[in-house]
Amino acid sequence: MPAELTTIVLDCADPAALAAFYAKALGWEVTHQDADSAQLGGGPVGLGFQRVEGYRGPGWPDAAKHAHFDLTVGDLDAAVAEFEGLGATRPEFQPGGTDWVVLADPEGHLFCLIPA
C-alpha cells in the first residue's frame, strides 16, 4: 500500500528560530510552535523542526551523505542575496559551478538554489 509523505522534520537546536528562517525564506506560515518543536504549512508537504540537545549541523563538504533541499528560484543572484540576508551562509565549496548555489541555513542544513 502506498504511503503519503506529509512532513519532513529536521533536527535542530532552536526550532522556533529555524522555523522563522524557513517561513520567511519560503513564504510559508508557522502553524505550530512549542518549546521543543515547530511546524510550517503552506507547501506541498509540511516542514517540521524538533529540538535535539547537543545538535551539530552537518559539515560541508563531507564524505558522509546528508539530505538537502533543492529550491527553484526565478533570479539566482537575487535569491542568494535574500537568503543570506535571512541568515543563510554560502560555503566556499560550490560543486555546481554557476548552475546552482549551495547555501546552509542558520543551523547548517544544506540546500541548493537552482534557477527555474
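This one's a predicted model, so the numbers in the text were calculated from it and none came from an experiment.

Asker: Got a minute to help me understand the overall build of the protein chain in this structure?
Answerer: The helix and strand inventory of the protein chain stands at two helices and seven strands. Ordered by position from the N terminus, the helices and strands of the protein chain form the series β-α-β-β-β-β-α-β-β. Split into buried and exposed, the 116 residues of the protein chain put 34% on the buried side. A sequence separation of at least 24 residues applies to 53% of the contacts in the protein chain between residues at least 6 apart. Here the protein chain contributes 5 positively and 17 negatively charged side chains, and the mean placements of these two sets differ by 6 Å.

Asker: Can you walk me through the sheet that holds strand β5 (residues 69-73) in this structure?
Answerer: Pairing between sheet strands relies on hydrogen bonds along the backbone, with the strands arranged either parallel or antiparallel. Spatially, β5-β7-β6 is the arrangement adopted by the three strands of the open sheet, whose pairing is mixed. Sheet topology places β5 and β6 (101-104) at the edges, where each strand pairs with a single neighbour. Geometrically, the sheet is characterised by an average inter-axis angle of 30° between neighbouring strands, direction not taken into account. One ladder, built from five bridges, connects β5 with strand β7 (residues 110-115); its direction is parallel. Paired with L71 across the two strands is L113, which belongs to β7. Against the sheet, helix α2 (residues 76-86) makes contact with β5, β6 and β7, and its axis sits at roughly 150° relative to β7, the strand it touches most.

Asker: In this structure, what is going on with the pairing of strand β4 (residues 46-51)? I would like to understand it.
Answerer: For a regular strand, side-chain orientation follows a simple rule: the groups alternate between the two sheet faces. Where strand β1 (residues 7-12) lies against β4, six bridges are found, and the strand directions are parallel. Bridge pairing in β4 places T7 opposite G46. Summarising the sheet, strand β3 (residues 37-41) and β4 pair through four bridges and their orientation is antiparallel. The partner of Q39 across the bridge, within β4, is G48.

Asker: Help me understand the environment of V80 in this model?
Answerer: Counting through the fold element by element, V80 comes out in helix α2. On the basis of relative accessible area, V80 is assigned to the buried category, the value being 5%. For the pair V80 and L103, spaced 23 residues apart in sequence, the C-alpha separation works out to 8.1 Å. Apart from residues lying up to four places away in sequence, V80 is in contact with R90, V101 and L113.

Cut-offs used in this document
Residues numbered from 1 in each chain as written. Predicted model: local features only at pLDDT ≥ 70, side-chain atom pairs only at ≥ 80, totals over all residues. Heavy atoms only, no water. Helix = DSSP H or I, 4+ residues; strand = E, 2+ residues; numbered from the N terminus. Buried < 20%, exposed > 50% of the residue type's maximum accessible area, 1.4 Å probe, protein only. Contact = heavy atoms within 4.5 Å. Lys, Arg positive; Asp, Glu negative; His and termini not counted. Charge placed at Lys NZ, Arg CZ, Asp CG, Glu CD. Pairing = 2+ DSSP bridges. Axes fitted to C-alpha atoms, helices over the stretch in contact; angles between N-to-C directions.

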